[in-house]
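# Coordinate inspection notes
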Amino acid sequence: MALLEAQDITKRFPGVVALGGASLRVEPGEVHALLGENGAGKSTLLKILSGAQGSDGGHLTFDAKPLRPDDTPSQRQKAGIVTIYQEFNLQPFLSVAENLYLGREPLRFGLIDHRQMRADARRILDDLGLSLDPDLEVSRLNVADQQMVEIARAMTLQAKLIIMDEPTAALSPREVDILHRIVGTLKARGIAVIYVTHRLKEVKAICDAYTVLRDGRFVASGQVSDVSIDDMVRLMIGRDVAFLKRPPRQVAPTPVLRIDGVSRRRGAHEARGTSLDNISFEVHAGEIVGLAGLVGAGRTDLARVLYGADRKDSGRIHLCGRALDIQSPAQALSAGIALVPEDRKQQGCFLDHSIRHNLSLSGLKSLSRPGGFVDEGAERRLVETFRQKLRIRMSSSEAAIGTLSGGNQQKVLLARCMALSPKVLIVDEPTRGIDVGAKADVHQVLFDMASEGMAVIVISSELPEVMAVSDRIIVFREGRITGTLEAADADEETLMALMATGSAPQAPNP
Ligand SMILES: Nc1ncnc2c1ncn2[C@@H]1O[C@H](COP(=O)(O)OP(=O)(O)OP(=O)(O)O)[C@@H](O)[C@H]1O
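Residues numbered from 1 in each chain as written. Predicted model: local features only at pLDDT ≥ 70, side-chain atom pairs only at ≥ 80, totals over all residues.

Secondary structure assignment for the chain yields 17 helices and 22 strands. By the compact-globule yardstick of 24 Å for 510 residues, the chain fits well, its C-alpha radius of gyration being 24 Å. With the C-alpha coordinates aligned to their principal axes, the bounding extent of the chain is approximately 70 × 60 × 50 Å. Counting all 510 residues of the chain, 42% fall into the buried class. Long-range pairs, those at least 24 residues apart, make up 68% of the contacts in the chain with a sequence separation of at least 6. (Helix = DSSP H or I, 4+ residues; strand = E, 2+ residues; numbered from the N terminus. Rg over C-alpha atoms; globule rule 2.2 N^0.38 Å. Buried ≥ 20, exposed ≤ 12 C-beta atoms within 10 Å, placed from the backbone. Contact = placed C-beta atoms within 7 Å.)

Shown next as structure tokens:
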């Protein structure tokens, strides 16, 4: 008998049918991938399962009992459904053990029994093979360890089903391996997992079953071992998707951006060490330069310096032959340097404002008429152009950006920077949270921008993406450049070696 059965679930928002008949069946101890393109309805279905949102219709059965449609998240947790969102639900200034048992602390003579709580926490962490210190304050943990605390907390709640919404989006490859091992442990304990991801290789690696949603409806389900990655893409998008390769470039002889010996030490409140050590390279008009490296290698630090979010300690930056001393993002923007940051939630997304307003926000200067009035017609045309180019799924340009699915919000932020037509466009993890079909659209738009003469810098932790979109790849490791390769000559093995050890693998002796 299935652990969870969701049948014909419907959910409407004003002007949008988010779910028009979604179904999902999860067996006990099964890792089940929930797949679908951006806006297909995955997050909406997860919210309905976790009790964060009510449904308009359909039936839910869990552990052989019907679930009430108006259950709260804590009632669903009591039933055994625990959800781990991308923004964790932890108390940063409490310890790991306190977070695990928050609101359910063991008592002794009416007081919290800290010794018992620590011992219980240790047991749960050991059971998951985690060496985390139960006394450590959660604010001191990195994202991957905080996620582990969430999983351990689900264990203390006796979860029968754990829902994970894009759990590997912000993890390094090593951390992804640890998460996958722990998912294996959960499965071995008989706990089922619903796993939402756009990374289909992960689905092949750790999931047993899959369900595909398209336009809010059930499309297909089955065993992962019976389908290929291409089959899954076809089911999700309804067509084949080829990863585009960058066509031969037309590069101008003089550089647009010249970075000369830039160094920066991290401040006292940041992680230790030097963030940038004597970085020098050039980017020409019409060129796409990819920056490869592990998390913390210095790529985002460089982007922040170029964009004026952080100050460099030494070195020079020239834009179109003129020395620049950028002190703020506003200065960077007016000089012609735009950045699409890796974390859209922290930077620059006004969730309650309309898509039209968000898209044109930083381009207002070019859209305003004499007297300071905004040309709304021009704004609408701008939205329409990018809606088509990037296939942004939205009911109207007046809807709040917060009502778009995660991937579609990311597309609006990309479009916003592109609409500025900067001289230098820096994109940090441009396709995080973006489905495989839309990825190809984003790449095409980057190619178009370069063809129009922009100098483009792409930071991505996905090597196939860096290799497909770049003309040239620069590898960062611990704040230094360890190699520069023409993309045509680059292979994953060489890039990985430069990223991890700083030197290219030795060719085997003949
Ligand atoms: N609060 C809301 N108000 C209006 N529309 C909404 C709201 N929440 C979701 N939607 C709409 O419902 C549809 C499904 O969105 P959902 O977030 O479930 O997609 P998703 O499959 O999770 O996409 P992604 O892969 O981009 O995260 C989208 O068209 C979205 O704009």
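Back to the text.
Now for the site of the ligand. Looking at the ligand, there are 19 residues lining it, with F13, A18, S43, S405 and G407 nearest. Elements with a contribution of two residues or more to the shell around the ligand: strand 2 (16-26), helix 1 (42-50) and helix 14 (406-419). Considered class by class, the residues forming the shell around the ligand number 5 nonpolar, 11 polar and 3 charged. Residues lining the shell around the ligand come from more than one domain, with at least three contributed by each of domain 1 (4-237) and domain 2 (255-500). (Near = placed C-beta within 6 Å. Nonpolar A, V, L, I, M, F, W, Y, C, P; charged D, E, K, R; others polar. Domains from an automatic or database assignment.)

The buried fraction of strand 21 (residues 472-477) is high, at 6 of 6 residues. When strand 15 (residues 288-292) meets strand 21, the two strands line up parallel, connected through 4 bridges. The partner of G290 across the bridge, within strand 21, is I473. Relative to strand 22 (residues 480-486), strand 21 runs antiparallel, the two sharing 6 bridges. Bridge assignment links I473 to a residue of strand 22, and that residue is L485. Hairpin connection, strand 21 to strand 22: the antiparallel pair is bridged by 2 residues, and E478 has positive phi, about 45°. (Pairing = 2+ DSSP bridges.)

Although it is not a glycine, R391 adopts a positive phi angle of roughly 45°. Relative to the helices and strands, R391 resides in the loop between helix 13 (376-389) and helix 14.

Attention now moves to the packing of helix 14 against helix 15 (residues 436-451). Where helix 14 contacts helix 15, the two axes come as close as 12 Å, and the packing angle between them is 5°. With respect to each other, helix 14 and helix 15 are oriented roughly parallel. Judged by residue contacts, G407, K411, L414 and M418 of helix 14 engage A438, V442, V445 and M449 from helix 15. A per-class count over the contact of helix 14 with helix 15 returns 6 nonpolar, 1 polar and 1 charged. (Axes fitted to C-alpha atoms, helices over the stretch in contact; angles between N-to-C directions. Parallel < 35°, antiparallel > 145°, perpendicular 65-115°, else oblique.)

L425, I426, V456, V458 and V475 are the most contacted members of the largest nonpolar core, which totals 72 residues. For this core, the element with the highest residue contribution is helix 14, accounting for 7 residues. When neighbours within four sequence positions are excluded, L425 is seen to be in contact with A338, C417, M418, M449, M454 and V456. Ranked by size, the runner-up nonpolar core spans 64 residues in total, among them L90, Y195, L200 and M236. (Core = buried A, V, L, I, M, F, W, Y, C linked by C-beta atoms within 7 Å.)

All right, on to the domain arrangement of the chain then. For the chain, the assigned domains are domain 1 (4-237) and domain 2 (255-500). Summarising the inter-unit geometry, the C-alpha centres of domain 1 and domain 2 are found 31 Å apart. Taken together, the contact between domain 1 and domain 2 spans 15 residues of the former and 17 residues of the latter. With 3 residues, the single largest contributor to the side of domain 1 that touches domain 2 is helix 8 (residues 229-237). Looking at the side of domain 1 that touches domain 2 residue by residue, the class counts come to 7 nonpolar, 6 polar and 2 charged.

Before going further, it helps to examine the sheet that holds strand 22. The strands that make up a sheet pair up through hydrogen bonds in the backbone, lying either parallel or antiparallel. Taken in spatial order, the 6 strands line up as 18-19-20-15-21-22 in an open sheet, and their pairing is mixed. Pairing within the sheet leaves two strands with one partner each, and these edge strands are strand 18 (337-340) and strand 22. Along the sheet, successive strands turn relative to each other by an average axial angle of 20°, direction set aside. Lying on the sheet, helix 9 (residues 299-306) is in contact with strand 15, strand 18, strand 19 (424-428), strand 20 (455-459) and strand 21; it crosses strand 19 at an angle near 145°. Strands strand 15, strand 21 and strand 22 of the sheet are contacted by helix 17 (residues 492-500), whose axis makes an angle of about 30° with strand 21.

Let us now look at the environment of V176. With respect to the element layout, V176 can be found in helix 6 (residues 173-188). Using a count of 17 C-beta atoms within 10 Å as the deciding quantity, one classes V176 as partly exposed. Separated by 105 residues in sequence, V176 and D71 have C-alpha atoms that sit 33 Å apart. If sequence neighbours within four positions are ignored, V176 has contacts with T168 and L171.

On to the confidence of the model for the chain. Low pLDDT means the predicted coordinates in that region are not meant to be read closely. For the chain, the mean per-residue pLDDT works out to 88, and 92% of the residues sit at or above 70. As scored by the predictor, the complex reaches a pTM of 0.80 and an ipTM of 0.96. (pLDDT = per-residue confidence, 0-100.)

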